[in-house]
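Results of the structural survey
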Amino acid sequence: MPLLKSSSAADAEPGISRHPLTGTSLSGADVVVQVLADEGVDVLFGYSGGAILPVYDAVFRHNAEHIKPDGSEPMPLIVPANEQGAGFMAAGYARASGKVGVAVVTSGPGATNMVTPVRDSTADSIPLVVICGQVATQAIGSDAFQEAPISNIMGSCAKHVFLVTDASQLEATMRTAFTIARSGRPGPVVVDIPKDIQNTTMTFKGEGELALPGYRARLRAIEQASLADEDCKLFFEALSRAKRPLIYAGGGVVAGGAAAALKAFVDAFGLPVTTTLMGIGGYDTTDALALHMLGMHGTAYANYAVEDCDFLLALGARFDDRVAGVPTQFAPRAKFVAHIDIDPAEINKVKQAHWHHIGPLDRALQRLTRFGKTHDYSLSLSDWHAHVAALKRDHAMNYDRDSALIQPYAVLEEINRHAQGRAIVSTGVGQHQMWAAQYLDFCAPRHLLTSGSMGTMGFGLPAAIGAQFARRDALVIDIDGDASIRMNLGELETVTTYGLPLKIVVLNNVGDGMVRQWQKLFFKGRFASSDKSLHRKDFVRAAEADGFAWARRLEQRDELAATIAEFLAFDGPAFLEVMIDPDAGVYPMVGPGANYAQMITGDFIPARTAPKAADAAATDMF
Amino acid sequence: MQHTLSILLQNEAGALVRVAGLFAARGHNIDTLTVAATADPAVSRLTLTLRGDDAALTQIVQQTRKLVDVLQVEHPTHA
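Residues numbered from 1 in each chain as written. Chains lettered and ligands numbered in written order. Predicted model: local features only at pLDDT ≥ 70, side-chain atom pairs only at ≥ 80, totals over all residues.

**A closer look at the sheet that holds strand β7 (residues 188-194) of chain A**
Residue and element names in this part refer to chain A. Taken together, the six strands give an open sheet; going across it, the order is β3-β2-β4-β5-β7-β6, and neighbouring strands pair in parallel fashion. Every interior strand has two partners, whereas the edge strands, β3 (77-78) and β6 (160-163), have only one. On the sheet, helix α8 (residues 170-182) packs against β5 (128-134), β6 and β7 and is oriented at approximately 165° with respect to β7. (Pairing = 2+ DSSP bridges. Helix = DSSP H or I, 4+ residues; strand = E, 2+ residues; numbered from the N terminus. Contact = placed C-beta atoms within 7 Å. Axes fitted to C-alpha atoms, helices over the stretch in contact; angles between N-to-C directions.)

**Observations concerning the pairing of β6 of chain A**
All names here are of chain A. The alternating pattern of β6 places His160 and Phe162 on one face and Val161 and Leu163 on the opposite face, and all of these are buried. In this sheet, β7 lies alongside β6 in parallel orientation, the contact comprising four bridges. The residue of β7 that forms the bridge with phenylalanine 162 is valine 191. With respect to chirality, the unit in which β6 leads through α8 into the neighbouring parallel β7 is right-handed. (Buried ≥ 20, exposed ≤ 12 C-beta atoms within 10 Å, placed from the backbone. Right-handed = clockwise from strand over helix to strand, strands pointing away.)

**Comments concerning unusual backbone geometry**
Most of the time, phi is negative for any residue but glycine, and the peptide bond is trans. Residue and element names in this part refer to chain A. Following tyrosine 587, the chain continues into proline 588 via a peptide bond in cis, with omega recorded as 0°. Mapping proline 588 onto the fold places it in the segment after β20 (574-579). Although it is not a glycine, serine 529 sits at a positive phi angle of roughly 55°.

**Some details on the sheet that holds β20 of chain A**
Residues and elements named next belong to chain A. What the six strands build is an open sheet, ordered β16-β15-β17-β18-β20-β19; its pairing is parallel. Pairing within the sheet leaves two strands with one partner each, and these edge strands are β16 (448-449) and β19 (550-554). Direction of pairing for strand β15 (residues 424-427) relative to strand β17 (residues 476-481): parallel, over a ladder of four bridges. Across the sheet, the residue bridging to isoleucine 424 is valine 476, located in β17. Contacting β15, β16, β17 and β18 (503-508), helix α19 (residues 460-470) runs over the sheet at an angle of about 175° to β17. The strands touched by helix α24 (residues 560-569) within the sheet are β18, β19 and β20, with β19 carrying the most contacts at an inclination of about 165°.

Pasting the structure below:
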């Protein structure tokens, strides 16, 4: 590929900035890489293979020709053990940075291994661009080697998928993929590129995107939407009538970059804030008005506040089944539900809103804050604040602090003492994920990276790797479970290959803890395939085999504090397995089909009312 | 209740599959489906009928509007 140099045409037209490569002949593969460079992509995650080789070669040449003064590559290509790992690395990068994560894989199995991260990213609104090699256009539909109908498969789980069959559309398609991924409600975009298109020589334009008239018109309408004075007035009149208003903030606060606007709104009007799992960090969990997470495994005080509130403001949240399992009984005393979201399809989908706004959350909150201040809407919430403070005090998170066994909560509290809400934490899925959400503090957005909607076990390790590439100097911790980490255990080697100073904690309860918890509750303790006590895996030796110089197993609770301190202070990749109480449960728990008033708080968190015995297997809820 | 939806769609690779797939994935049965070219060869009109209550219909219309290839969704019998 030619080196970047400014063209004489650009010099001749001052004020019009032209791409230095405009008019140059490039291969399709070089065009792909040039657009990636133009989009500011600084790391790729992917696994090579026959149908993507031209793009891999173009990445290699690009890096060789644009080596940075410090000797590093401008666009390093990080190779996982499995393409699913690459997808979650790209997602971890995107979640930690807010930028578009990019994965590049080959056709057939390479692309189908990306299905899970793509669906996961759609479900959590994470911007990705996934480039897949495809068999040559003339071979499509012939059952060719490593052929799979990626456009069909990804079409049902991505935000959008392009199959590029016309080489002249490649450049615009690549650029458009980034626009779609990051605009509106973000999501993953798959670009499926046949090998012959990668090899076609074409003239690089240096600009231009696909028209997409429908998408762009709808996007423009949403992005330009603003709150009229009348809308603001209705909102504040309802709010000023409320005595117990509550904010329920979701992942949209993080995705929409609205954390600062939310803080300013809360500073102005004093509404307490509870967040969803995806919204954690959207509001500083250490703040006096923060109630931490609500929902199935939310804090008791958050869930009681939801029970008690008379005004609910949902921000970038979608009343999903882990929050509003029984929508008609969710926030039962809320006389007014207000909902702001970027996605029109989320308004009134689950819970009818009395007032709603569709548009960018940060602007909407800034507008409401200005309007409310200008018109002197002041709320007297001191009784409500006292009530919320009492809930936090009387129903605080707690556990068996006298147990001889290591309690997972104690491990997280110890980590929290060091991290102080500033570490980037990824998780797998299950009990350890909920414990991490409950017991760790997060002072800023993009610090808790977790598979919220899809609940993909195996997410934690590759997501942490991707996050470390986004935040090279940050403390990145993967809080994982023994079953979750097994799913992508091959990525342990990726950590040491790239010398990442990741800290990996495996809370080992010898099985699928969350499954066992449900089996205890609803299947009379028959642990169908969730007990792993016959498994022979030695995680510490596995980590050592993959090159971890610091790999330990913690089995004595009196060594907890010293071990955690040494583990987190280690300069380099470190792996800590903690043998935890296998019977430790996740509490509180709002059982499937139950409402918040029926929440079980366990033996160590005081409940407001005695819970009724669980009605075993009486529900299809999951 | 029976509803008819009229959808204008860009003629892109896989666009029809994405519409049909969306309806299937969200639990709707398409009873009838017609696809025809419009005066603009880059645009097709897709007319389909399905059954569902108002809330379900509103939701599937909103979800259809999120498909990138979709230009317009109309629900003429409900206008």
